[in-house]
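Remarks on the overall topology
The primary structure of each chain is shown beneath.
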Amino acid sequence: HLPVQPLLMAFLNAPLDLAAKSLPKMSQEQRQALSDLTLWEKDRLDVISYQIFPMAYARCEDDKIIEDYAQSHDFLLYLKARFHIHTFDVEDPMYPDHDYYFLTEDNLLLFEYDEDFGQVDEVKLLLRALYGKMGVERAYSLLFKYLVNSYTLLEEESYQHKKSRLRDYGFVDYYEALELM
């Protein structure tokens, strides 16, 4: 196994199809470390840099890896940061005043996004994988949990987990490093 930092640089600089083909060659821990290092800029989410992950996973040929990613905390936090997610009532539908949205296949959630967001097809594929793996009720429950929970609390919880995991690889948190100086 390659050390995490060179693996990350190779992954981020590879053409998207090659990055997708590399995912099954990595361990789950390596994939998580790459996600941790890319999703965060100091203590804030960096959803722009992270966009390569949903795009690469959507192109991955290993269904289990896609399904595991689709139910990961990082992907779900990315969704919460990138989309405005609403419950949707089929009997009394209220659509946005624009065309930048989609419904989940069960028609229970509406995802709104910015007009310049270019990964809609990839996110839809990953959500279909989530629903396929978990079933409609469990997938909806998981997504609804992220919908109703405080973004700040989810972000903080994820950040603390990320710090702990990266410490195992020898990475020191930015603010902890400042304290050492």
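Up top is the structure these notes are about.
All of the points below concern the structure found in this document. Small disclaimer: the values here were computed from a predicted structure and weren't measured.

Calculation criteria
- Residues numbered from 1 in each chain as written.
- Predicted model: local features only at pLDDT ≥ 70, side-chain atom pairs only at ≥ 80, totals over all residues.
- Heavy atoms only, no water.
- Axes fitted to C-alpha atoms, helices over the stretch in contact; angles between N-to-C directions.
- Helix = DSSP H or I, 4+ residues; strand = E, 2+ residues; numbered from the N terminus.
- Parallel < 35°, antiparallel > 145°, perpendicular 65-115°, else oblique.
- Contact = heavy atoms within 4.5 Å.
- Nonpolar A, V, L, I, M, F, W, Y, C, P; charged D, E, K, R; others polar.
- Expected span 1.5 Å × (residues − 1).
- Buried < 20%, exposed > 50% of the residue type's maximum accessible area, 1.4 Å probe, protein only.
- Lys, Arg positive; Asp, Glu negative; His and termini not counted.
- Salt bridge = Lys/Arg side-chain N within 4 Å of Asp/Glu carboxyl O.
- Polar contact = N/O pair within 3.5 Å; in protein donor to acceptor, adjacent residues only side chain to side chain.
- Pairing = 2+ DSSP bridges.
- Left-handed = near helix turned anticlockwise from the far one by under 90°.

What follows covers the packing of helix α6 (residues 63-70) against helix α8 (residues 120-134). It is the contact of α6 with α8, at a shortest axis distance of 8 Å, that shows an interaxial angle of 95°. Classified by the angle between their axes, α6 and α8 sit roughly perpendicular to one another. The residues of α8 that touch α6, namely those facing I66, E67, D68, Y69 and A70, are L125, L126, A129, L130 and K133. Among the residues making up the contact of α6 with α8, the classes are represented as seven nonpolar, no polar and three charged.

What follows deals with helix α9 (residues 136-148). Between its first and last C-alpha, α9 extends 18 Å over 13 residues, near the 18 Å set by a 1.5 Å rise per residue. Against the buried residues of α9 lie α7 (73-82), β5 (109-112), α8 and α10 (151-167).

What follows concerns the side chain of D106. Here D106 shows up in the loop between β4 (101-103) and β5. Despite its burial, D106 pairs with no opposite charge, the nearest such side chain being R128 at 12 Å. Among the polar contacts made by the side chain of D106, one reaches the main-chain amide nitrogen of L108 at a distance of 3.1 Å. A polar side-chain atom of D106 sits 3.0 Å from a polar atom in the side chain of Y131. When sequence neighbours within four positions are dropped, the list of residues in contact with D106 reads Y131, V136 and Y140.

Attention now goes to the sheet that holds β4. Each strand in a sheet pairs with its neighbour through backbone hydrogen bonds, running either in the same direction (parallel) or in the opposite one (antiparallel). An order of β3-β5-β4 is seen for the three strands of this open sheet, with the pairing classed as antiparallel. Edge strands, defined here as strands with exactly one partner in the open sheet, are β3 (84-87) and β4. Averaged over neighbouring strand pairs, the angle between their axes works out to 20° when direction is ignored. Bridge count between β4 and β5: three bridges; the pairing is antiparallel. Paired with F102 across the bridge in β5 is F111. Contacting β3 and β5, α9 runs over the sheet at an angle of about 120° to β3.

The next subject is the packing of α7 against α10. Viewed as axis vectors pointing N to C, α7 and α10 meet at an angle of 145°, and their least axial separation amounts to 11 Å. For the element pair α7 and α10, the recorded crossing hand is left-handed. Counted together, H73, D74, L77, K80 and A81 of α7 and Y151, L154, E155, E157, S158 and R165 of α10 form the full contact between these two elements.

Between side chains of opposite charge, a pair can form as their charged atoms come close. Enumeration according to the criterion identifies seven salt bridges in this entry. Note that D36 and R165 form a salt bridge whose closest N and O atoms lie 2.7 Å from each other. One end of the pair, D36, is in helix α3 (residues 28-39); the other, R165, is in helix α10, and 129 residues separate them in sequence. Classification of R165 as partly exposed rests on a relative accessible area of 28%.

Another aspect to go through is the pairing of β5. Side chains L109 and F111 project from β5 onto one buried face, and the interleaved L110 and E112 project onto a second face that is buried too. Summarising the sheet, β3 and β5 pair through four bridges and their orientation is antiparallel. Paired with H86 across the two strands is L110, which belongs to β5.

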